[in-house]
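Structural characterization, general
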Amino acid sequence: MQKNKPLLPEKELARYEVKIPIPFTSLSEITPFIMLDPAGFSKEYPDRVVNSLYYDSHNLDSYADNLSGGGCRTKFRLRWYNESTTCTKLTAEAKIKRNHVGWKEKADITLPKPLDNMPFTQLSKSITEQISNETLLSVFRENTSPTMLISYHRQYYCSNNKKIRITIDSKIQYYNQHFSQVLAHSIAPVTCDNVILECKFLVCDKEEANRVIRSSPFRPWKNSKYVIGVKMTNYF
C-alpha cells in the first residue's frame with residue numbers, strides 16, 4: 001500500500017536511536033559500562049514498566065516495511081506505564097523513520113472507561129476523535145488493527161550534558177492480539193531473554209554519541225521489538 005510520507009521535522013527534532021541487543025547473561029556488564037563512561041551518565045527517571053499496544057494494517061504493512069528496511073517507515077502505538085491495564089489515560093504515538101533518522105508525533109488520549117474493558121472498536125473511535133495532529137492521525141488511519149501488546153522493564157540514564165540518553169529494556173513480554181476484540185493481557189505471554197540497550201541522541205550530537213557506542217563491549221544491531229513479537233508469537 002502506498003503511504004503518505006510524513007514531512008521531516010525541524011533538524012533539531014530529528015534523532016538517532018541506536019539499538020544494542022545484549023544477552024541476559026551479560027546484563028551485569030551493562031551498568032559499569034554506562035556509569036564509568038566519561039560522559040557522566042546518571043539515572044534520569046525511576047525504573048518503570050512500559051506497555052505498548054501496536055497497530056498495523058490488515059496486511060501488516062508496517063511489519064513488512066520494517067522487515068525490508070524501507071526508506072520511510074512508520075509505527076503507531078498506544079503507550080502507558082506500569083502494570084495496570086485499568087488505566088484511562090494513554091499516549092498515542094506515531095514513530096516515524098526516514099532512513100536512519102526518526103522522530104515521534106504524540107497526543108494524549110483519555111478513555112471513557114478502563115482500557116481492559118473497552119472493545120477495540122470503541123477504542124479506535126476514541127483515538128480518532130481525540131487526535132488533532134494530522135500526521136499522527138494519518139499514520140493511525142493506515143494502521144487501524146491492534147496487533148501486539150509488548151511490555152517490558154525500562155531503566156533510564158542521561159549524560160551529564162543532557163545530550164545522550166540510554167535506556168535498558170529487559171523482561172520483555174509479547175501478547176498477540178490477533179482475533180481479539182478487547183485487550184488480551186491475561187493470556188500467557190511469549191517472553192524474550194535478550195536485553196535491549198538504546199542510545200538516543202539528536203543528529204547534531206552524533207559524533208559524541210558514536211564515541212559512547214564504540215566504547216560499548218557489545219555491537220549495535222538492527223532490532224525491532226514489534227517485528228520480533230510478530231515472529232515469536234506466530235502471528236501469521
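1. Focus: the overall build of the protein
- Scanning the protein from terminus to terminus reveals six helices and 10 strands.
- Radius of gyration (C-alpha) of the protein: 18 Å, near the 18 Å computed for a compact globule of 236 residues.
- Dimensions along the principal axes, computed over C-alpha positions, put the protein at roughly 50 × 40 × 30 Å.
- Across the 236 residues of the protein, 51% fall into the buried class.
- When contacts within the protein are restricted to residue pairs at least 6 apart in sequence, long-range pairs at least 24 apart make up 72% of them.
- Roughly 11,900 Å² of accessible area belongs to the protein as shown, and the carbon and sulfur atoms make up 52% of that amount.
- In the protein, 33 positive and 24 negative side-chain charges are present, and the distance between their average locations comes to 2 Å.

2. Considerations on empty space enclosed by the protein
- Applying the stated criterion to the full structure yields one cavity of 30 Å³ or more.
- By volume, the largest cavity is sized at about 100 Å³.
- Lining the largest cavity we find 14 residues, and of these Tyr54, Arg77, Lys95, Glu198 and Lys225 sit closest to its centre.
- Residue composition of the lining of the largest cavity, by class: two nonpolar, no polar and 12 charged.

3. Regarding the environment of Asp169
- For Asp169, the location among the structural elements is in strand β8 (residues 164–176).
- Take Asp169: its relative accessible area is 0%, and that puts it in the buried class.
- C-alpha of Asp169 to C-alpha of Phe218: the two residues are 49 residues apart in sequence and 15 Å apart in space.
- In this structure, Asp169 is in contact with Tyr152, His153, Arg154, Asn194, Val195, Ile196, Glu198 and Lys225, ignoring residues within four places of it in sequence.
- Among the polar contacts made by the side chain of Asp169, one reaches the side chain of Arg154 at a distance of 2.7 Å.

4. Some words on helix α6 (residues 225–232)
- Looking at α6, one finds that the buried residues are Lys225, Tyr226, Val227, Gly229 and Val230.
- Backbone geometry just after α6 places Asn234 at a positive phi near 50°.

5. Observations concerning the side chain of Lys19
- With respect to the helices and strands, the residue Lys19 is situated in strand β1 (residues 15–22).
- The buried charged residue Lys19 lacks any salt bridge, with Glu198 as its nearest oppositely charged partner at 4.4 Å.
- Setting aside anything within four residues of it in sequence, one finds Lys19 in contact with Lys95, Ile196, Leu197, Glu198, Pro220, Trp221, Asn223 and Ser224.

6. A short note on the layout of surface pockets
- Approximately 780 Å³ is the volume attributed to the largest pocket.
- Mapped onto the lining of the largest pocket, the elements with two or more residues apiece are β1, α2 (61–68), β4 (72–81), β5 (89–98), β6 (101–110), α5 (206–214) and α6.
- The dominant element in the lining of the largest pocket, judged by the number of residues it contributes, is β1, at five residues.
- A class-by-class count of the residues in the lining of the largest pocket yields 11 nonpolar, 11 polar and 11 charged.
- Forming the walls of the second largest pocket are 20 residues, and the residues nearest its centre are Arg15, Lys104, Lys106, Arg165 and Lys200.
- At the level of secondary structure, the elements contributing two or more residues to the lining of the second largest pocket comprise β4, β5, β6, β7 (145–158) and β10 (195–202).
- Across the lining of the second largest pocket, the residue classes tally to seven nonpolar, one polar and 12 charged.

7. Re the packing of aromatic side chains
- For the coordinates displayed, the defined rule picks out six aromatic pairs.
- Ring geometry for Tyr54 and Tyr226: centres 5.2 Å apart, planes at 20°, overall stacked. Taken together, the residues Tyr54 in strand β3 (residues 48–56) and Tyr226 in helix α6 connect sequence positions 172 residues apart.
- A relative accessible area of 6% means that Tyr54 is categorised as buried.
- Pairwise contacts between aromatic rings join Tyr55, Phe76 and Phe140 into one cluster.
- The ring of Tyr81 carries the charged tip of Arg48 above its face, separated from the ring centre by 3.6 Å.
- One cation-aromatic arrangement involves Lys225 over Tyr152; the distance from NZ or CZ to the ring centre is 4.6 Å.

Definitions and limits used
- Residues numbered from 1 in each chain as written.
- Predicted model: local features only at pLDDT ≥ 70, side-chain atom pairs only at ≥ 80, totals over all residues.
- Heavy atoms only, no water.
- Helix = DSSP H or I, 4+ residues; strand = E, 2+ residues; numbered from the N terminus.
- Rg over C-alpha atoms; globule rule 2.2 N^0.38 Å.
- Buried < 20%, exposed > 50% of the residue type's maximum accessible area, 1.4 Å probe, protein only.
- Contact = heavy atoms within 4.5 Å.
- Areas by Shrake-Rupley, 256 points an atom, 1.4 Å probe, with all protein chains shown as cover.
- Lys, Arg positive; Asp, Glu negative; His and termini not counted.
- Charge placed at Lys NZ, Arg CZ, Asp CG, Glu CD.
- 1 Å grid on protein atoms, 1.4 Å probe; cavity = no way out; pocket = protein on both sides within 12 Å on 5 of 7 lines; lining within 4 Å.
- Points joined across faces, edges and corners; volume = space filled by probe spheres on them.
- Nonpolar A, V, L, I, M, F, W, Y, C, P; charged D, E, K, R; others polar.
- Polar contact = N/O pair within 3.5 Å; in protein donor to acceptor, adjacent residues only side chain to side chain.
- Salt bridge = Lys/Arg side-chain N within 4 Å of Asp/Glu carboxyl O.
- Phe/Tyr/Trp six-rings, centres within 6.5 Å; stacked < 30°, edge-to-face > 60°.
- Lys NZ or Arg CZ within 6 Å of the ring centre and 35° of its normal.

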